[in-house]
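Descriptive analysis of the structure
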Amino acid sequence: MNTHMPDCLFCKIIKREIPSTKIYEDRNIFVFLDINPVNIGHTLVVPKDHWENIYTTPTKILCEMMEIAKQLSIAIKTATKADGINIEMNNEKAAGQLVSHAHLHVVPRFGDDGFTHWHGKRPYNEGEMQEVADKIIRVF
Ligand code: AMP
Ligand code: ZN
């Protein structure tokens, strides 16, 4: 599905049915501030057409999103004096996706902002690493 979805929050934002604080837009992409920021300046990069996640979004559009995320990273870092930037994309509920319209998060980070990275659960068991690599390679 690549047209606007009537019940989708981000489609409504793109159609101006819901207000947002726009940073940038072009033919295919819309960029606006996240309403509930991890840190001030947290921004979302969203395709204008409704694609649910990374699996279905056309590669060309994903590349355009990433190009903009790069430029935006530098702009946000400069504007907010951030010490670093996280780029994040949540895909499906289990991965924390709340809005089912594909988007990249561009998040300014500060040395003292109190957030930590996720922690590894455990090291691989003997042979397990190659086993999972083989499984992935088979379908890649
Ligand atoms: P995700 O969990 O990756 O789907 O992220 C969805 C993001 O959308 C969250 O960080 C929300 O804070 C953000 N969000 C929800 N509603 C709005 C809105 N009306 N305007 C801007 N950002 C929003
Ligand atoms: Zn949508």
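Our subject in this report is the structure included herewith. (Residues numbered from 1 in each chain as written. Chains lettered and ligands numbered in written order. Predicted model: local features only at pLDDT ≥ 70, side-chain atom pairs only at ≥ 80, totals over all residues. Heavy atoms only, no water.)

1. Observations regarding the coordination of the zinc ion (ligand 2)
The condition is simple: The donor set comprises N, O and S atoms within 2.8 Å of the metal, extended to 3.2 Å for Na, K and Ca; water molecules are omitted, so apparent gaps in a site may simply reflect that omission. Sites are called tetrahedral only when four donors show all angles between 85 and 135 degrees, square planar or octahedral only when four or six donors show opposite pairs over 155 degrees and all other angles between 65 and 115, and irregular in any remaining case. Summary of the burial criterion: residues with accessible area below 20% of their type's maximum are buried, those above 50% are exposed, and those between are partly exposed, where the area comes from a 1.4 Å probe applied to protein chains only.
Bound to the zinc ion (ligand 2) are the protein donor atoms C8 (SG), C11 (SG), H50 (ND1) and H101 (ND1), situated 2.0 to 2.3 Å from the metal. Classification of the site at the zinc ion (ligand 2) rests on its four donor atoms, whose angles at the metal span 107 to 116 degrees, yielding the label tetrahedral. A residue is classified by how much of its surface remains accessible, and C11, at 0% relative accessible area, is buried. H101 gets classed as buried once you look at its relative accessible area, which sits at 0%.

2. Description of helix 3 (residues 128–139)
The criterion, for reference: Helix numbering and strand numbering both begin at the N terminus, where a helix is a DSSP run of H or I of at least 4 residues and a strand a DSSP run of E of at least 2. For a helix, the expected span equals 1.5 Å multiplied by the number of residues minus one.
Look at helix 3: 17 Å from first C-alpha to last across 12 residues, which is about the 16 Å you get at 1.5 Å a residue. The element helix 3 is barely covered by neighbouring structure, given that only zero of its 12 residues are classed as buried.

3. A few points about the pattern of salt bridges
Cut-off, in case you're wondering: Throughout this description, the term salt bridge denotes a Lys or Arg side-chain nitrogen within 4 Å of a carboxyl oxygen of Asp or Glu.
On inspection of all chains with the given rule, the structure shows seven salt bridges. A salt bridge links K15 to E17; its shortest N-O distance comes to 3.5 Å. A residue is classified by how much of its surface remains accessible, and K15, at 34% relative accessible area, is partly exposed. Linking E128 and R122 is a salt bridge whose minimum nitrogen-to-oxygen distance equals 3.0 Å. A single network of salt bridges, built from pairs that share partners, joins R16, K22, E25 and K48.

4. A word on the site of ligand 1
Our working definition: The rule for a residue being near a molecule or strand is that one of its heavy atoms must lie within 4 Å of it. Under this definition, polar contacts are N or O atom pairs within 3.5 Å; protein pairs additionally need one hydrogen-donor-capable and one acceptor-capable atom, and for neighbouring residues in sequence, both atoms have to be side-chain atoms. Computed by Shrake-Rupley with a 1.4 Å probe, the accessible areas treat only the displayed protein chains as cover when residues are assessed. Throughout, the protein atoms alone are placed on a 1 Å grid, and a set of points is a cavity if a 1.4 Å probe fits but cannot get out or a pocket if it is open with protein on both sides within 12 Å along at least five of seven lines; lining residues have an atom within 4 Å of a point. Any molecule with more than half of its atoms within 2 Å of a cavity's or pocket's grid points is counted as sitting in it. Three categories are distinguished: nonpolar for Ala, Val, Leu, Ile, Met, Phe, Trp, Tyr, Cys and Pro, charged for Asp, Glu, Lys and Arg, and polar for the others, with Gly belonging to the last.
Taken together, the neighbourhood of ligand 1 is formed by 16 residues, with D34, G96, L98, H103 and H105 sitting nearest. Between D34 and ligand 1, the recorded distance is 2.5 Å, taken from a side-chain N or O atom to an oxygen atom. For ligand 1, an oxygen atom lies 2.7 Å from a polar atom in the backbone of L98. Protein chains shield 85% of the accessible area of ligand 1, which is 510 Å² for the free molecule. The cavity where ligand 1 resides is the second largest pocket. At the level of elements, helix 1 (9–14) and strand 2 (29–33) are the ones that each hand at least two residues to the shell around ligand 1. By residue class, the composition of the shell around ligand 1 is nine nonpolar, six polar and one charged.

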